[in-house]
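# Architecture at a glance
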Amino acid sequence: MVIVIWGMVYIPHDKFARRARQEGFRARSSYKLLDLQRKFKVLKPGDHVLDLGAAPGSWLQVAAQIVGKEGKVLGLDRTAMKPLTWPNVRMVQKDIFDADMVEFLGAQGYKSFDVVLSDVAPNTTGVKERDQALAHELSLRVLDIALELLKRGGVLVIKVFEGPETPGLIKEVEKHFSSVKLVKPEASTKGSRELYLVAKNYKS
């Protein structure tokens, strides 16, 4: 069972959910990004970060603390998010599938980013093949946006759901990044097919 309170996601009897409540994070997913940060140093102070599918804002909380006051974090989601009052965070309601995504960001002064993050997941249908296809479509869209907005040497983190398209996705990402890893953070739910693709050093 999942409980949502003011945009914050809780899973009762889950140690990461308890930690999230105690430490002020909006969701247990914070610890997935923190795990990736420990292993791969995907974020650094001063980075400009784009978080696609950012609701409820837990990855924004983590990223904002790491990049610090010299960095900037922009979170986009098609649903409205409870605001974060931190000065280095901005939250915008926008669907990543909107055709004008890159132009929209450029018009607001966002030309490029050091890091693109995405923990976005599809609305599941219960049909395995369909859900995998939807997840793959999301991953490809995030990749397309990242290739347009990342700076040379930049970092990309995408949530993927393991399926028949996953090897092809990895090969496509490897064309553009020097290092590509597929990992499962400790906080990922047991039995879940979710993995995280961590790509570093964008070749531009």
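Read on for an overview of the structure. (Residues numbered from 1 in each chain as written. Predicted model: local features only at pLDDT ≥ 70, side-chain atom pairs only at ≥ 80, totals over all residues. Heavy atoms only, no water.)

### A look at the side chain of Gln37
Within the secondary structure layout, Gln37 lies in helix 2 (residues 30-40). Judged by relative accessible area, Gln37 falls into the buried class, the value being 12%. Polar side-chain contacts of Gln37 include one of 3.1 Å to the backbone nitrogen of Val42. At a separation of 2.8 Å, a polar atom in the side chain of Gln37 contacts the main-chain carbonyl oxygen of Leu43. (Helix = DSSP H or I, 4+ residues; strand = E, 2+ residues; numbered from the N terminus. Buried < 20%, exposed > 50% of the residue type's maximum accessible area, 1.4 Å probe, protein only. Polar contact = N/O pair within 3.5 Å; in protein donor to acceptor, adjacent residues only side chain to side chain.)

### Description of the environment of Leu149
Here Leu149 lies in helix 5 (residues 128-149). According to the relative accessible area criterion, Leu149 is buried, its value standing at 2%. Each C-alpha atom of the pair Leu149 and Phe113 lies 6.0 Å from the other, and the pair is 36 residues apart in sequence.

### Examining the pattern of salt bridges
Counted by the stated rule, this structure contains 10 salt bridges. The partner of Lys94 in a salt bridge is Asp98, with the nearest N and O atoms 3.2 Å apart. We note a salt bridge from Lys151 to Asp114, for which the minimum N-O separation is 3.5 Å. Pair noted here: Lys151 is in strand 7 (residues 150-161) and Asp114 is in strand 6 (residues 113-118), with a separation of 37 residues, a long-range link. Because the salt bridges share partners, they merge into one network encompassing Lys32, Asp119, Lys159 and Glu194. (Salt bridge = Lys/Arg side-chain N within 4 Å of Asp/Glu carboxyl O.)

### What about helix 3 (residues 58-67)?
Counting buried positions along helix 3 gives eight out of 10 residues, so the element sits mostly inside the fold. Inspection of helix 3 places Ser58, Trp59, Leu60, Gln61, Val62, Ala63, Ala64 and Val67 among the buried residues, and these make up the whole buried set.

### Let's talk about the packing of helix 5 against helix 6 (residues 166-174)
Interaxial distance between helix 5 and helix 6 falls to 11 Å at its minimum, and their mutual angle equals 5°. If you check the angle between helix 5 and helix 6, you find them roughly parallel. Each of His136, Ser139, Leu140 and Leu143 in helix 5 lies in contact with helix 6, whose residues at this interface are Leu169, Glu172 and Val173. Taken together, the residues of the contact of helix 5 with helix 6 sort by class into four nonpolar, two polar and one charged. (Axes fitted to C-alpha atoms, helices over the stretch in contact; angles between N-to-C directions. Parallel < 35°, antiparallel > 145°, perpendicular 65-115°, else oblique. Contact = heavy atoms within 4.5 Å. Nonpolar A, V, L, I, M, F, W, Y, C, P; charged D, E, K, R; others polar.)

### Regarding the side chain of Glu194
Considering the arrangement of structural elements, one finds Glu194 in strand 9 (residues 194-202). For Glu194, a relative accessible area of 5% corresponds to the buried category. A polar side-chain atom of Glu194 sits 2.8 Å from a polar atom in the side chain of Lys32. Excluding anything up to four places from it in sequence, Glu194 contacts Lys32, Lys159, Val160, Phe161, Lys184, Ser188 and Thr189.

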